[in-house]
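Listed here are the chains, written in short residue letters.
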Amino acid sequence: PGLDELHDPFLMQDMHLAVARIETAIADQENILVYGDYDVDGTTSVALMSSYLKSYYPNVITYIPDRYEEGYGVSYKGIDFAADNSFTLIIALDCGIKAIEKVAYATKKGVDFIICDHHRPGPEIPKAVAVLDPKREDCLYPYDELCGCGIGFKLIQALAKNQHHSMDDLLPYLDLVATAIAADIVPMTGENRILAYYGLIVLNKAPRPGIRALIQHSKKELTISDVVFGIAPRINAAGRIKHGQYAVEILTETNLESAIELAK
C-alpha cells in the first residue's frame, strides 16, 4: 500500500470546522484540553493529538477519565476541570458521539467541543463545534472503519496541510496509529491497512521511547499480532490497575531512560 492512497482528510464531514476552531484557539492563545478514553485507542489518540499540537503550540494538556470514578467517555468531572482551569476547547478522541447532554453542559460553561469518534451515532448528534465520525449518516468520507486514533490522525493530517507539514513529518506518529488499529481489532482494509503497514515499519525501525521501553527485550521483527498481544495489553493495564494517564505519559515520553522507568 502507498501513503498517496490515503484520502483527503477534508472529505470528512466537519473537518473544515474542526481545523478552523483549532487554528482560532491557537491564534487567540486559548488553552486546549485533549481528552480521551482510558483504553489503547483512547490513550494513543490523546498521545498523538497532544504531541502533534505541542510540536508548535504550548498551551495543551491531556485528560484521561478515571475508569472507576468517571466511567467511559466524556465526564462532567472532565468538563468541570476544563471550565475551572480556563480551558475553552476540548478535543475528545475515541468518545463523545453520544454525549449530547454533556456537550450542552460544556457549552453553558463556555467550553467548546471537537469530537473525534468512530462509534455509531445515536439518533441525535451532539451540538459540538465539529463532530468527526465517518459513521455519521451525512458523512460521505470514503472509508468508515477507522479507529479513534485513525480519526485523530486524519485531523492532524488536515492541520498539517495548513501548517505546511508534509506526510513525512507525520510518519513518526504512525507507531501510535498502528498500535490502536491492532488493539481495536478494526478491519485491516483500506486506510487501516495503509496506516498499519507504515506504522509497523515505524514500530520496527524507529519506535517512540515509550513503545521501545515496552518492547525492549524483543529481538524479532514485530507483527500486528505482536502489537495485539504484546504492546496493547500493557498500555491497557494502566487504566485498569491505576490510571490511563500513565499510558499517555509513557507514549509521549521523549527520554528513553525515563520511559524505561515508566514501563516498569
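Here the structure is shown first, and the text comes after it.
Predicted model only: the values in this text are computed from it and were never measured.

Novice: Any details on the pattern of salt bridges? Residues and values, ideally.
Specialist: This model, assessed by the stated rule, comprises 12 salt bridges. As a salt-bridge pair, Lys 154 and Glu 191 come within 2.8 Å of each other at their nearest N and O atoms. One end of the pair, Lys 154, is in helix H5 (residues 148-163); the other, Glu 191, is in helix H8 (residues 190-205), with 37 residues separating them in the sequence. A salt bridge links Asp 175 to Arg 208; the shortest N-O distance between them is 3.0 Å. Note that Asp 175 is positioned in helix H7 (residues 174-184) and Arg 208 in the loop between H8 and helix H9 (209-214), a separation of 33 residues in sequence. One exposure class covers both Asp 175 and Arg 208, and it is buried. Residues joined by salt bridges that share partners form a network here, namely Asp 14, Arg 136 and Asp 138.

Novice: Which residues make up the nonpolar core, and what values do they have?
Specialist: Of all hydrophobic cores here, the largest spans 73 residues; its most connected members are Ile 22, Ile 32, Leu 53, Ile 91, Phe 153, Leu 155 and Ile 231. The contact partners of Ile 91, leaving out residues within four places of it in the chain, are Ile 22, Ile 32, Leu 33, Val 34, Tyr 35, Met 49, Leu 53, Ile 114, Cys 116 and Leu 155. The next biggest cluster of nonpolar side chains, apart from the first, holds 19 residues, and it includes Val 74, Phe 87, Ile 115 and Ala 128.

Novice: Which residues make up the packing of helix H1 (residues 15-27) against H5, and what values do they have?
Specialist: How two helices sit against one another is set out by the angle between their axes and by the gap between those axes. For the pair H1 and H5, interaxial distance at closest approach is 10 Å and the crossing angle is 65 degrees. Both H1 and H5 take part in a crossing whose hand is right-handed. For the pair formed by H1 and H5, the contact residues are Met 15, Ala 18, Val 19, Ile 22 and Glu 23 on the first element and Lys 154, Leu 155, Ala 158, Leu 159 and Asn 162 on the second. For the contact of H1 with H5, a count of residues per class yields 7 nonpolar, 1 polar and 2 charged.

Novice: Which residues make up the environment of Asp 175, and what are the values?
Specialist: Among the residues examined, Asp 175 registers a relative accessible area of 0% and is labelled buried. As a C-alpha pair, Asp 175 and Tyr 197 span 22 residues in sequence and 9.8 Å in three-dimensional space. Ignoring any residue separated from it by four or fewer positions in sequence, one finds Asp 175 in contact with Gly 199, Val 202, Leu 203, Pro 207, Arg 208 and Ile 211. Separated by 3.0 Å, the side chains of Asp 175 and Arg 208 make a polar contact.

Novice: How would you summarise helix H2 (residues 40-54) if you had to cite specific residues and measurements?
Specialist: In this model, H2 (15 residues) spans 21 Å end to end at C-alpha, consistent with the 21 Å of a helix rising 1.5 Å per residue. H2 sits mainly inside the fold: 13 of its 15 residues count as buried. Looking at where H2 begins, the residue whose side-chain oxygen comes 3.3 Å from the main-chain nitrogen of Asp 41 is Asp 39.

Novice: Please set out the packing of aromatic side chains residue by residue, giving values where relevant.
Specialist: Tallied over the full model, the rule gives 7 aromatic pairs. Here the aromatic rings of Tyr 76 and Tyr 105 are separated by 5.0 Å at their centres, their planes lie at 90 degrees, and the arrangement is edge-to-face. Placement of Tyr 76 in helix H3 (residues 76-84) and of Tyr 105 in helix H4 (residues 100-108) is noted, with a sequence separation of 29 residues between them. The class for Tyr 76 is partly exposed, based on a relative accessible area of 39%. Here Phe 81 and Phe 87 contribute two aromatic rings whose centre-to-centre distance is 6.2 Å and whose plane-to-plane angle is 20 degrees, an arrangement assigned as stacked.

Novice: A description of the packing of H7 against H8 should follow, citing residues and the corresponding values.
Specialist: Remark: H7 packs on H8, axes separated minimally by 7 Å, with the N-to-C direction vectors making an angle of 120 degrees. With respect to H8, the element H7 is oriented oblique. Once H7 is placed against H8, the crossing between them reads as left-handed. Of the residues in H8, those touching H7 at Leu 174, Asp 175, Val 177, Ala 178, Thr 179 and Ile 181 are Asn 192, Leu 195, Ala 196, Tyr 198, Gly 199, Leu 200, Val 202 and Leu 203. Per-class residue counts for the contact of H7 with H8 are 10 nonpolar, 3 polar and 1 charged.

What counts, and at which threshold
Residues numbered from 1 in each chain as written. Predicted model: local features only at pLDDT ≥ 70, side-chain atom pairs only at ≥ 80, totals over all residues. Heavy atoms only, no water. Salt bridge = Lys/Arg side-chain N within 4 Å of Asp/Glu carboxyl O. Helix = DSSP H or I, 4+ residues; strand = E, 2+ residues; numbered from the N terminus. Buried < 20%, exposed > 50% of the residue type's maximum accessible area, 1.4 Å probe, protein only. Core = buried A, V, L, I, M, F, W, Y, C linked by side-chain atoms within 4.5 Å. Contact = heavy atoms within 4.5 Å. Axes fitted to C-alpha atoms, helices over the stretch in contact; angles between N-to-C directions. Left-handed = near helix turned anticlockwise from the far one by under 90°. Nonpolar A, V, L, I, M, F, W, Y, C, P; charged D, E, K, R; others polar. Polar contact = N/O pair within 3.5 Å; in protein donor to acceptor, adjacent residues only side chain to side chain. Expected span 1.5 Å × (residues − 1). Phe/Tyr/Trp six-rings, centres within 6.5 Å; stacked < 30°, edge-to-face > 60°. Parallel < 35°, antiparallel > 145°, perpendicular 65-115°, else oblique.

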